[in-house]
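# Architecture at a glance
The residues making up each chain are set out below.
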Amino acid sequence: MRPPAPAVRRLAARLRRLPPSCGPVRLIGVDGHAGSGKSTFAGLLAEALGGAPVLHLDDIASHAELFAWSGRLLTEVIEPFGRGESAHYAPYDWREHRFGPPRPLPAAPVVLIEGVGAGRRALRPYLAFLLWLEMAPEQAWARGRARDGEEQREFWDGWVRAEAHHFSDDPSRPYAGLLVRQLGKGYEVLPGLRGDPVGHPDVTHREGPPAMW
C-alpha cells in the first residue's frame, strides 16, 4: 500500500480533533457500495492516523446475516467502547462458513469501521464522522465481481439484491459528512449532505479544481 498523501494526513488530523463519540473513541465510519474501494481507503487513513485500528464489517457479517448484524456489533464492540474497554469480536470465515475465536479491538482514540452499512441508522449515534466512497453501484459491483472471480458469482448475485434492499431501507450516503471519489490518480473529496466541510483544505467545492490524494 502506498504511503498516505499529505491530504490524507490532513484529514486524519481533522478526525483526531473531533470529540469522542463512543466512550473515549472517535468512531469513524467508511461506507459505500461493495467494490467501491473502502478497504484500501480505510487502510490509507488508518496509516495516516498512526496505525488506527480498523474493524472490517466483512468480519461481522455472515452468510446467514449479510446485514442483520447490528445487535452483535452493538454487544461486541459498541457497548465495551462505551465503557472505555477494549472490544472482542468473533470474525467470520467466509470460506469455512463459521465464526472464529474472539479478536481484540482496542478502544483507541480513533477507530475506523469500514464496510457496507457502516453508516446505518443503528450505528450513526455512535459515529464521530461518516465518510462515503462515491461510486455508482453498478461500477462498484462490477469491480467487486472482477476481484472475486467466477467462483463467487452466485454469492455476488445474492449480495447485489441484498445490498440494494439494505440501502433502499437504510441509506448511509445522505448522512455522510464527506464524499470520497477515487480518480485515475488519487481521490477527490466533496462535501456531503451532512457535516461541516468548511475550513477543510482538501474538500473540493463544485466550482473548484479537484483535491488530489
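Definitions and limits used
- Residues numbered from 1 in each chain as written.
- Predicted model: local features only at pLDDT ≥ 70, side-chain atom pairs only at ≥ 80, totals over all residues.
- Heavy atoms only, no water.
- Helix = DSSP H or I, 4+ residues; strand = E, 2+ residues; numbered from the N terminus.
- Buried < 20%, exposed > 50% of the residue type's maximum accessible area, 1.4 Å probe, protein only.
- Contact = heavy atoms within 4.5 Å.
- Areas by Shrake-Rupley, 256 points an atom, 1.4 Å probe, with all protein chains shown as cover.
- Expected span 1.5 Å × (residues − 1).
- Bend = angle between axes of the 7 residues up to and from the residue.
- Pairing = 2+ DSSP bridges.
- Axes fitted to C-alpha atoms, helices over the stretch in contact; angles between N-to-C directions.
- Core = buried A, V, L, I, M, F, W, Y, C linked by side-chain atoms within 4.5 Å.
- pLDDT = per-residue confidence, 0-100.
- Salt bridge = Lys/Arg side-chain N within 4 Å of Asp/Glu carboxyl O.
- Phe/Tyr/Trp six-rings, centres within 6.5 Å; stacked < 30°, edge-to-face > 60°.
- Lys NZ or Arg CZ within 6 Å of the ring centre and 35° of its normal.

Here we take up the overall build of the protein chain. Within the protein chain, the regular secondary structure consists of 5 helices and 10 strands. The buried share among the 213 residues of the protein chain stands at 50%. Considering only contacts within the protein chain whose residues lie at least 6 apart along the sequence, 69% involve residues at least 24 apart. As displayed, the protein chain has an accessible area near 10200 Å², and 53% of this comes from carbon and sulfur atoms.

This part covers helix 3 (residues 70-82). The end-to-end C-alpha separation of helix 3 is 16 Å, well short of the 18 Å expected for 13 residues at 1.5 Å each. Of all the bends in helix 3, the largest measures some 30° and sits at glutamate 76, one to four residues before the proline proline 80. Turning to helix 3, its buried residues number three or more, namely Ser70, Arg72, Leu73, Glu76, Val77, Ile78, Pro80 and Phe81. Here the buried face of helix 3 lies against strand 1 (26-32), strand 2 (54-56), strand 3 (87-89), strand 5 (98-99), strand 6 (103-105) and strand 7 (110-114). Of the residues trailing helix 3, glycine 84 is marked for its positive phi of about 80°.

Glancing now at the sheet that holds strand 2. Taken in spatial order, the 6 strands make up an open sheet running 2-7-1-8-9-10, and their pairing is mixed. Since the sheet does not close on itself, it has two edges, and those belong to strand 2 and strand 10 (187-191), each with one partner. Between one strand axis and the next, the sheet turns by 20° as a mean value, whatever way the strands run. Of the strand pairs in this sheet, strand 2 and strand 7 are connected by 3 bridges, and their pairing is parallel.

A few words on the nonpolar core. Of all hydrophobic cores here, the largest spans 35 residues; its most connected members are Leu27, Leu55, Leu73, Val77, Phe81 and Leu105. Listing elements by their share of this core, those giving two or more residues are helix 3, strand 3, strand 7, strand 8 (129-133) and helix 5 (153-169). Discounting residues that sit within four places of it in the chain, leucine 105 has contacts with Pro53, Leu55, Val77, Phe81, Ser86, Ala87, Tyr89 and Val111. Among the nonpolar cores identified, the runner-up in size contains 24 residues, and Leu18, Val30, Ala42 and Leu112 belong to it.

With that settled, consider the confidence of the model for the protein chain. For the protein chain, the average pLDDT comes to 88, and 88% of its residues sit at 70 or higher. Low confidence marks residues 197-213, where pLDDT is under 50. Its contacts with residues over four positions away, or in another chain, come to 45 contacts.

Looking now at the pattern of salt bridges. Inspection of the entire model under this criterion finds 10 salt bridges. Between glutamate 85 and arginine 83 there is a salt bridge, with its nearest N and O atoms 3.2 Å apart. Under the relative-accessibility criterion, glutamate 85 is labelled partly exposed at 37%. Look at the salt bridges and you will find they share partners, linking Arg121, Arg124, Asp169 and Asp170 into a network.

The full count for this structure, using the stated rule, is 6 aromatic pairs. With 5.7 Å between their ring centres and 70° between their planes, tryptophan 94 and phenylalanine 155 make a pair best called edge-to-face. Taken together, the residues tryptophan 94 in the loop between strand 4 (92-93) and strand 5 and phenylalanine 155 in helix 5 connect sequence positions 61 residues apart. Look at tryptophan 94 and you get partly exposed, because its relative accessible area is 25%. One residue, arginine 120, lies across the ring of tryptophan 69, its end atom 3.7 Å from the ring centre. Note that arginine 124 overlies the ring of tyrosine 175, its terminal NZ or CZ placed 3.6 Å from the centroid.

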